[in-house]
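What the coordinates show
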Amino acid sequence: SEAIFSNIGGTATMIGDPPNIIIGNMLADYLSFNDFLINLGCAVLICCPIAFLYLRWHFAEDFRGIIQVDIPRLQKLYPITDRGLL
């Protein structure tokens, strides 16, 4: 889901993904950053709820019930070795 929403969000801006950078450079004389955002922002706002509903439907089984997490077990399996990076 993070990758899907990252792609959708990257589409909205001129610097969000490589094709938009190319298009933005080619149309720099005619299209500002804000114009690009305004024109594609509407499509992104339409796509976000649709993607959310699809992902919620697709992963419905994962959203059911209570998730039990054993924190002490996870801390033993994946210890923090460099506390300075926290």
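Higher on the page you've got the structure.
For the structure given in this document, a descriptive report is provided here. (Residues numbered from 1 in each chain as written. Predicted model: local features only at pLDDT ≥ 70, side-chain atom pairs only at ≥ 80, totals over all residues. Heavy atoms only, no water.)

Another aspect to go through is the overall build of the protein. A count of helices and strands for the protein gives five helices and zero strands. Put simply, the protein runs from its N terminus to its C terminus through helices and strands in the order α-α-α-α-α. Its C-alpha radius of gyration of 20 Å places the protein more than 25% over the 12 Å reference for a compact globule of 86 residues. Reported as C-alpha extents along the three principal axes, the dimensions of the protein are approximately 60 × 40 × 15 Å. Carbon and sulfur atoms make up 65% of the accessible area of the protein, which totals about 7,500 Å². If you average the places of the 5 positive and of the 8 negative side-chain charges in the protein, the two averages end up 20 Å apart. (Helix = DSSP H or I, 4+ residues; strand = E, 2+ residues; numbered from the N terminus. Rg over C-alpha atoms; globule rule 2.2 N^0.38 Å. Areas by Shrake-Rupley, 256 points an atom, 1.4 Å probe, with all protein chains shown as cover. Lys, Arg positive; Asp, Glu negative; His and termini not counted. Charge placed at Lys NZ, Arg CZ, Asp CG, Glu CD.)

A few words on a nonpolar patch on the surface. A cluster of nonpolar side chains, contributed by Ile67, Val69, Ile71, Leu74, Leu77 and Tyr78, occupies part of the molecular surface with about 630 Å² of accessible area. Residue position: Val69 is located in the loop between helix 4 (60-63) and helix 5 (71-77). (Patch = residues over 30% accessible without salt bridge, like charges linked within 9 Å, V, L, I, M, F, W, Y side chains within 5 Å. Salt bridge = Lys/Arg side-chain N within 4 Å of Asp/Glu carboxyl O.)

To continue, consider helix 3 (residues 33-58). Taking 1.5 Å of rise per residue, 26 residues should cover 38 Å, and helix 3 covers 35 Å from first to last C-alpha, within 8% of that figure. Residue Gly41 marks the point of greatest curvature in helix 3, where the axis turns by about 35°. All buried positions along helix 3 are accounted for by Phe36, Gly41, Val44, Ala51 and Leu55. Buried residues along helix 3 sit in contact with helix 1 (2-12), helix 2 (18-26) and helix 4. (Expected span 1.5 Å × (residues − 1). Bend = angle between axes of the 7 residues up to and from the residue. Buried < 20%, exposed > 50% of the residue type's maximum accessible area, 1.4 Å probe, protein only. Contact = heavy atoms within 4.5 Å.)

What follows is about the environment of Gln68. Tracing the sequence through the fold places Gln68 in the loop between helix 4 and helix 5. By relative accessible area, which is 70% here, Gln68 ends up exposed.

Below, the discussion takes up the environment of Ile80. Here Ile80 lies in the segment after helix 5. Assessed through its relative accessible area of 44%, Ile80 is described here as partly exposed. Note: C-alpha distance between Ile80 and Asp35 (45 residues apart in sequence) is 46 Å.

Inspection of the secondary structure puts Asn20 in helix 2. Every residue in contact with Asn20, bar those within four places of it in the chain, is listed here: Gly10, Thr11, Thr13, Met14, Phe36 and Leu40.

Evaluated as defined, the whole model comprises one salt bridge. Salt-bridge contacts for Glu61 lead to Arg64; the nearest nitrogen and oxygen are separated by 2.7 Å. By relative accessible area, which is 62% here, Glu61 ends up exposed.

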